Amino acid sequence: MQTASTNICERMGRSQELSEFKRGAVIGCHLCNKSIREISLLLNIPRSTVSGIITQWKQLGITAIQPPSGRPRKMTERGQRIVRRSRQLSAEFKDLQTSCDLQISTTVRRELHGMGSHGHAAASKPYITKCNEKHQMQWCKALCHWTLEQYFPDCIVPSIKF
């Protein structure tokens with residue numbers, strides 16, 4: 001057995017696919033009569049993953065990653081890029097609907113929510129009126145010559161020399 005410092009692979013994260021090289025290394029170790037436990041310790045891969053790769057190789061004769069089962073995703077890569085770039089989609093996702101020729105369905109909405117795009121109107125920010133602008137300018141000019149002690153009367157401010 002090898003120690004953790006001499007492992008040839010990094011520890012796998014959750015839901016991370018193994019490369020073809022690592023899958024081949026698992027099969028190579030299996031062909032050299034290593035046990036699943038030894039392969040797991042040597043390559044620092046979970047035993048269940050090693051077992052699954054060996055079982056797939058025995059049944060299908062391949063180690064390639066199979067496409068996931070189930071219905072394919074409705075949104076294309078292009079649509080996902082548009083959503084990531086455009087932060088101001090309307091509540092009905094009209095921009096996405098027109099640019100990708102999609103009918104926005106519950107499936108697409110769920111996918112957009114999963115990507116962090118929730119169709120809601122942005123909060124309105126009030127404009128600065130001329131009166132407020134004038135008051136802010138007066139306040140800034142009055143305070144521009146203050147020292148740190150005047151800004152922070154309750155704090156002990158170290159003297160900074162430039």
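Given the structure is predicted, the values throughout are model-derived calculations rather than measurements. (Residues numbered from 1 in each chain as written. Predicted model: local features only at pLDDT ≥ 70, side-chain atom pairs only at ≥ 80, totals over all residues. Heavy atoms only, no water.)

> Is there a simple way to explain the overall build of the protein chain in this structure?
Per the secondary structure count, the protein chain includes 8 helices and 0 strands. Per-residue burial over the protein chain gives 22% buried out of 162 residues. Looking at the protein chain alone, contacts between residues at least 24 apart form 54% of all its contacts between residues at least 6 apart. Summed over its atoms, the accessible surface of the protein chain is roughly 13300 Å², and 55% of this surface lies on carbon and sulfur atoms. (Helix = DSSP H or I, 4+ residues; strand = E, 2+ residues; numbered from the N terminus. Buried < 20%, exposed > 50% of the residue type's maximum accessible area, 1.4 Å probe, protein only. Contact = heavy atoms within 4.5 Å. Areas by Shrake-Rupley, 256 points an atom, 1.4 Å probe, with all protein chains shown as cover.)

> How do you make sense of the confidence of the model for the protein chain when you look at a structure like this?
In low-pLDDT regions, the fine details of the predicted coordinates are not to be read closely. Mean pLDDT for the protein chain: 76, with 67% of residues reaching 70 or above. Under a pLDDT of 50 for its full length, residues 1-10 has, in the predicted model, 13 contacts with residues more than four places off or in other chains. (pLDDT = per-residue confidence, 0-100.)

> Explain the nonpolar core here, please?
Soluble, globular proteins show a tendency: their nonpolar side chains are buried together. By size, the foremost hydrophobic cluster in this structure holds 11 residues: Leu18, Ala25, Val26, Ile27, Cys29, Ile39, Leu43, Ile45, Val50, Ile53 and Ile54. Breaking this core down by element, the ones donating at least two residues are helix H1 (20-31), helix H2 (36-43) and helix H3 (47-60). Considering each element in turn, this core owes the most residues, 4 residues, to H1. If near-sequence neighbours (up to four positions away) are discounted, Ile54 is found in contact with Val26, Ile27, His30, Ile36 and Ile39. (Core = buried A, V, L, I, M, F, W, Y, C linked by side-chain atoms within 4.5 Å.)

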